[in-house]
Amino acid sequence: MKSTYEIIKPNPDQDVMIHLINAETMKASNFPIDTTCIPPHWHRSIEFSYIRKGSAKLTIQNKTRMLHEGDFIFVNSAQIHQIASDNLTSEVLLLIIPYDFLKKAIPSIDSLVFDIYDKPYHPMFFEIFDFFYQSLTSPKEYDKLKIDAYVYMLLHILVTSYQIENIDKSYISNQKLQRDMLDYIETNYKHDISLCDFAERFHLNAEYVSRLFKSLFGVNFKTYLTNYRLNSSMNDIVYSKKS
């Protein structure tokens, strides 16, 4: 499993993944609760989360938003993003809608981009996530039926109320370049990679790549590579404890 490309596994007997993230659940999963930052990564699913407590800093394409209790975290399919939070006090209700489900429900999903921050949150968002929380904390026999209905309702609201029109083609190409860069680091981080090696892989000048990388990810190439290696080592330790 790649660390930059995240593989999404739905909940058992469900088409989506719903998970409550707080200090207690992270401790139960043997994840270090003092870890406050999920490094830049991407997945083909839509990520839609509700901040029940605390705050989070969401970075997408080097644009950062500070989000607080009562706000939503939204990440489009294939969008590179980074999330930082105080895991000791925050509580986030996470919804992941897998790509296969999206593609079946919305065949044109690959060409669609949504922005929930350009206008007020739809009132149904709160009702839907309240039910998702109840389905985790006080599950009932037929919850899955209502979960499925609510997920389709969320998608309908996104398509009809939050879809961005006339997407610039450069946006799509920049997204692909970012994913290719992170995938290269994921594949080669255990080797001695220099900025020149990295630039050569993308047939670009090293000085230009240095500026480009900083503009895309908010940190320079060396800092990102170092942080990625540290994060990977930490994950190795965590998962070795589980096995």
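Residues numbered from 1 in each chain as written. Predicted model: local features only at pLDDT ≥ 70, side-chain atom pairs only at ≥ 80, totals over all residues. Heavy atoms only, no water.

Caption draft 1: Broad picture of the packing of aromatic side chains. Inspection of the entire model under this criterion finds 27 aromatic pairs. Each ring, one from Phe 213 and one from Tyr 224, has its centre 5.7 Å from the other, and the planes form 65°; the classification is edge-to-face. One end of the pair, Phe 213, is in helix α7 (residues 206-217); the other, Tyr 224, is in helix α8 (residues 221-242), with 11 residues separating them in the sequence. Its end group placed over the ring of Tyr 162, Lys 119 keeps NZ or CZ at 5.6 Å from the ring centre. Positioned above the aromatic ring of Phe 202 is the side chain of Arg 201, whose terminal nitrogen or guanidinium carbon lies 4.7 Å from the ring centre. (Phe/Tyr/Trp six-rings, centres within 6.5 Å; stacked < 30°, edge-to-face > 60°. Helix = DSSP H or I, 4+ residues; strand = E, 2+ residues; numbered from the N terminus. Lys NZ or Arg CZ within 6 Å of the ring centre and 35° of its normal.)

Caption draft 2: Examining the sheet that holds strand β3 (residues 46-53) more closely. Across the sheet, which stays open at both edges, the four strands sit in the order β1-β8-β3-β6 with antiparallel pairing between neighbours. Each edge of the open sheet is held by one strand with a lone partner, namely β1 (17-21) and β6 (72-75). Taking the axes of each pair of neighbouring strands and ignoring which way they run, one obtains an average angle of 15° across the sheet. Two strands pair when backbone bridges link them, and β3 and strand β8 (residues 91-97) are joined in this way by seven bridges, in the antiparallel orientation. Bridge pairing in β8 places Ser 49 opposite Leu 94. Against the sheet, helix α3 (residues 123-137) makes contact with β1, β3, β6 and β8, and its axis sits at roughly 100° relative to β8, the strand it touches most. Along the sheet, helix α4 (residues 143-161) makes contact with β1, β3, β6 and β8, crossing β8 at roughly 80°. (Pairing = 2+ DSSP bridges. Axes fitted to C-alpha atoms, helices over the stretch in contact; angles between N-to-C directions. Contact = heavy atoms within 4.5 Å.)

Caption draft 3: Looking closely at the pairing of β3. Counted residue by residue, β3 has six buried out of eight residues, so it is predominantly covered. Here β3 pairs with β6 via four bridges, running antiparallel. Bridging across to β6, Glu 47 finds its partner in Val 75. (Buried < 20%, exposed > 50% of the residue type's maximum accessible area, 1.4 Å probe, protein only.)

Caption draft 4: A look at the pattern of salt bridges. Throughout the structure, instances matching the rule amount to four salt bridges. For the salt bridge of Lys 144 with Asp 15, the shortest nitrogen-to-oxygen distance reads 4.0 Å. One end of the pair, Lys 144, is in helix α4; the other, Asp 15, is in the segment before β1, with 129 residues separating them in the sequence. Take Lys 144: its relative accessible area is 33%, and that puts it in the partly exposed class. Note that Glu 207 is salt-bridged to Arg 211, the shortest N-O span being 3.4 Å. Residue Glu 207 and its partner Arg 211 are located together in helix α7, separated by four residues, close to a single helical turn. Assessed through its relative accessible area of 56%, Glu 207 is described here as exposed. By relative accessible area, Arg 211 is classed as partly exposed at 49%. (Salt bridge = Lys/Arg side-chain N within 4 Å of Asp/Glu carboxyl O.)

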